Structure formats: C-alpha cells, structure tokens
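Coordinate inspection notes
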Amino acid sequence: MGICDAHDQLFLHSPMLPGQEPADPDAAAGRLREFRALGGRAVVQWTPYGMGRRPADLAALSRAERVHVVAATGLHQAAHYDRATLRSAGEDPAGAYLAFDGPSRVHHATDWRLPGQLAVLAVAGFGDRLLLGGDTTVPETPGMAYLLRRLRPRLEVTLGERMVERMLVANPARALSFGAP
C-alpha cells in the first residue's frame with residue numbers, strides 16, 4: 001500500500017456541515033494528485049454509510065490518480081443520521097487500532113500535542129497499533145498533503161523515521177488487510 005493517510009474524506013454529506021461538504025470530483029482528484037506527489041500511495045476514505053460515500057467515484061479516482069483508495073464502512077455519530085437510517089444500519093464492530101487525525105484544526109490541539117502523545121503510546125508498546133490521518137473534511141483544514149509535508153517531518157524528529165514509517169505504511173497495511181472468511 002505504501003504511505004497511507006489512514007483517515008480522510010474525498011466526499012462527505014452531513015447536515016452537521018452545511019455548505020462545507022467535499023463533493024467535487026475534480027477537487028478530490030487534485031487532493032489525491034498532491035498527496036501522491038509527496039509520496040502518498042493510499043488513502044482510507046472514512047465517509048461512513050449514509051453520508052455520501054460515492055463508491056463509483058472513489059474507484060474511478062483511485063484508478064485515474066494511481067492512489068489506493070480504501071472505502072471504509074460503518075457509522076458516524078448518531079447526530080449525522082435520521083432515525084430510519086440508524087435503524088436500518090444495525091450495529092458495526094470496532095477495531096483495535098488507534099487513528100490520530102485532524103492535524104492543524106483550529107479547535108484541536110493536535111499539532112502541538114501529537115508528537116508527545118504518540119511517543120508515550122509507542123514507548124508503552126502500542127507503536128504497532130497507531131495510524132495517522134488528515135481528516136480533511138471542511139475547507140479550513142490544510143489538505144491531505146499536510147500530513148506528509150508538515151506533520152511527518154515534525155513527528156520524525158520526536159519519534160524517529162522508522163516509527164513514523166511504521167504508522168504510515170506497515171500499520172495501515174496490516175490493519176486494512178483481510179483474509180478469506
């Protein structure tokens with residue numbers, strides 16, 4: 001899979017984000033192209049069920065931009081759905097990886113706290129369970145490329161290149177792999 005953004009959205013529709021939802025295939029292609037130019041090879045598209053995932057567009061973008069796009073499934077917070085959708089969706093089991101996302105958001109402390117928090121988790125033996133993602137949902141976020149252009153070098157200073165490579169390549173490959181039932 002190569003370097004992976006383990007949490008992002010190329011398309012999203014939510015009543016919680018009126019007018020801010022990413023919906024333009026050309027803009028999505030541009031974000032993937034910029035990410036790939038910086039070495040990115042895979043994006044986990046975490047737009048859940050009922051929120052405008054657009055699987056046909058995801059497949060076309062993946063082929064056109066030569067970036068693996070993994071279309072995750074599941075549900076988001078209940079506030080994003082009407083009751084009928086929640087009843088029809090049932091329940092989705094949770095995994096055992098911790099994905100850190102949303103770097104450089106104004107209302108989050110991600111940028112300055114993330115290196116230290118990841119270091120604590122890695123020293124405690126959880127380095128093989130950590131994932132990194134951009135979660136570039138709304139226009140105020142710095143874009144998919146921020147993960148590799150700005151955040152990765154800062155994390156490498158604190159955690160070392162091998163640990164950051166593990167979070168961007170080995171861990172997502174293992175977390176997203178599956179075998180025949």
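So, a few notes on the structure that sits alongside this text. None of these values were measured; they are calculated from a predicted model. (Residues numbered from 1 in each chain as written. Predicted model: local features only at pLDDT ≥ 70, side-chain atom pairs only at ≥ 80, totals over all residues. Heavy atoms only, no water.)

1. Quick word on the environment of Phe126
Tracing the sequence through the fold places Phe126 in helix 4 (residues 110-126). Assessed through its relative accessible area of 44%, Phe126 is described here as partly exposed. Each C-alpha atom of the pair Phe126 and Leu98 lies 9.1 Å from the other, and the pair is 28 residues apart in sequence. (Helix = DSSP H or I, 4+ residues; strand = E, 2+ residues; numbered from the N terminus. Buried < 20%, exposed > 50% of the residue type's maximum accessible area, 1.4 Å probe, protein only.)

2. Describing the packing of helix 5 (residues 146-159) against helix 6 (residues 161-175)
Closest axis-to-axis distance for the helix 5/helix 6 pair is 7 Å, and the angle between their directions is 135 degrees. Put simply, helix 5 runs oblique to helix 6. Contacts from Leu147, Leu148, Arg152, Leu155, Glu156 and Leu159 in helix 5 reach Glu161, Met163, Val164, Glu165, Met167 and Leu168 in helix 6. Its residues assigned to classes, the contact of helix 5 with helix 6 comprises 8 nonpolar, no polar and 4 charged. (Axes fitted to C-alpha atoms, helices over the stretch in contact; angles between N-to-C directions. Parallel < 35°, antiparallel > 145°, perpendicular 65-115°, else oblique. Contact = heavy atoms within 4.5 Å. Nonpolar A, V, L, I, M, F, W, Y, C, P; charged D, E, K, R; others polar.)

3. Quick look at unusual backbone geometry
Most peptide bonds adopt trans geometry, and most residues besides glycine take a negative phi value. Despite not being glycine, Arg54 has its phi angle at roughly 55 degrees, a positive value. Assignment of secondary structure puts Arg54 in the loop between strand 2 (40-45) and helix 2 (55-65). The backbone phi angle of Arg66 is positive, close to 55 degrees, even though this residue is not glycine. Among the secondary structure elements, Arg66 is positioned in the loop between helix 2 and strand 3 (68-71). A relative accessible area of 54% places Arg66 in the exposed class.

Nothing here speaks to function; it is all geometry.
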